[in-house]
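Chain by chain, the residues run as shown.
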Amino acid sequence: MTNDDAVYRTILEESPEAVIWADREGVIRFWNRGAEELFGHTAAETIGQRMDLIIPENLRARHWEGYDRVMVQGEPSRYGRREMLKVPALRKDGTRVSVEFTLLAVEHPAFGLIAVAVLRDASETFAELRDLRKRLADAEARAGGASPA
């Protein structure tokens, strides 16, 4: 391993953002410190497991349909776009967390095509948006019920 390789590996492993790699079958192949902090699972607990452990049960079928279309069938996707995706995810303790993430599909020398996700906790942002939407709806309801003077 070159010095640059060691630096890149340290950046990936120690990043405060969660970085997860999964193979074509959705088996986790890399799980960094940021992922440990976000989801509560250690790398040792996740490597070799399917991503189901962070996908809420009610969303799994839809997730795997899309994953299969891209990773197995090769359908174009949002992979590689700068667009931030937002979804609920599951922590080790069973609580939900709102995450936003970007995806990239790359060829790995040992695993073939892998999905690389860089994720962060967006729960606070989602809570603020929910509160703003509620306040807007309340204000609109009040304005709609006001009679002209």
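See the structure shown above.
Scoring rules and cut-offs
- Residues numbered from 1 in each chain as written.
- Predicted model: local features only at pLDDT ≥ 70, side-chain atom pairs only at ≥ 80, totals over all residues.
- Heavy atoms only, no water.
- Helix = DSSP H or I, 4+ residues; strand = E, 2+ residues; numbered from the N terminus.
- Rg over C-alpha atoms; globule rule 2.2 N^0.38 Å.
- Buried < 20%, exposed > 50% of the residue type's maximum accessible area, 1.4 Å probe, protein only.
- Pairing = 2+ DSSP bridges.
- Core = buried A, V, L, I, M, F, W, Y, C linked by side-chain atoms within 4.5 Å.
- Axes fitted to C-alpha atoms, helices over the stretch in contact; angles between N-to-C directions.
- Contact = heavy atoms within 4.5 Å.
- Phe/Tyr/Trp six-rings, centres within 6.5 Å; stacked < 30°, edge-to-face > 60°.
- Lys NZ or Arg CZ within 6 Å of the ring centre and 35° of its normal.

**Remarks on the overall build of the chain**
On a plain count of helices and strands, the chain comes out with 5 helices and 5 strands. Of the regular secondary structure in the chain, the N- to C-terminal order runs α-β-β-α-α-α-β-β-β-α. The C-alpha atoms of the chain give a radius of gyration of 19 Å, which is well past the 15 Å a tight globule of 149 residues would have. With the C-alpha coordinates aligned to their principal axes, the bounding extent of the chain is approximately 75 × 35 × 30 Å. Taken over 149 residues, the chain has a buried fraction of 32%.

**Quick word on the pairing of strand E2 (residues 28–31)**
Sheet topology places strand E1 (residues 18–22) next to E2; 3 bridges connect them, and they run antiparallel. Each residue of the ladder has a partner; that of Ala 22, found in E2, is Ile 28. Counted along the chain from E1 to the antiparallel partner E2, the turn is 5 residues long, and its residue Gly 26 has a positive phi close to 85°.

**Considering the side chain of Glu 100**
Its place among the elements puts Glu 100 in strand E4 (residues 96–108). Of the residues examined, Glu 100 reaches a relative accessible area of 16% and is grouped as buried.

**Remarks on the environment of Glu 14**
When you line up the elements, Glu 14 lands in helix H1 (residues 3–14). It is 16 Å that separates the C-alpha atoms of Glu 14 and Val 116, two residues lying 102 residues apart in sequence.

**A closer look at the nonpolar core**
Side chains of nonpolar character tend, in soluble globular proteins, to be buried together. Core analysis: the biggest nonpolar cluster contains 27 residues, and Ile 20, Trp 31, Phe 39, Val 99 and Leu 119 have the highest contact counts within it. Going through the elements one at a time, E1, E2, helix H2 (33–39), helix H4 (60–71), strand E3 (85–90), E4 and strand E5 (112–121) are the ones with two or more residues in this core.

**Remarks on the pairing of E4**
In the sheet, E3 pairs with E4 via 6 bridges, with the strands oriented antiparallel. Residue pairing across strands places Lys 86 opposite Glu 100, the latter belonging to E4. Between the end of E3 and the start of E4, which pair antiparallel, lie 5 residues, with Gly 94 showing a positive phi angle near 95°. With 10 bridges connecting them, E4 and E5 associate as antiparallel partners. By the bridge assignment, His 108 is partnered in E5 with Gly 112.

**Section: the sheet that holds E4**
Pairing is antiparallel across the open sheet formed by 5 strands, whose spatial order is E2-E1-E5-E4-E3. Strands with a single pairing partner mark the edges of an open sheet, and in this sheet they are E2 and E3. Each strand of the sheet is rotated relative to its neighbour by a mean of 35°, with strand direction disregarded. Relative to E5, E1 runs antiparallel, the two being bridged by 5 bridges. Considered in E5, the bridge of Trp 21 is made with Val 116. H4 rests against E1, E3 and E5 of the sheet, and its axis sits at about 135° to E5.

**A few points about the packing of aromatic side chains**
What the rule picks out here adds up to 3 aromatic pairs. Taken together, a centroid distance of 5.3 Å and an interplanar angle of 75° make the contact between Trp 64 and Tyr 67 edge-to-face. You can see Trp 64 and its partner Tyr 67 sitting in helix H4, 3 residues apart, about one turn around the helix. Residue Trp 64 shares its accessibility class with Tyr 67, and that shared class is buried. Here the guanidinium or amino end of Arg 50 rests over the ring plane of Trp 64, the centre of that ring lying 4.0 Å away.

Honestly, it's all geometry; don't read function into it.
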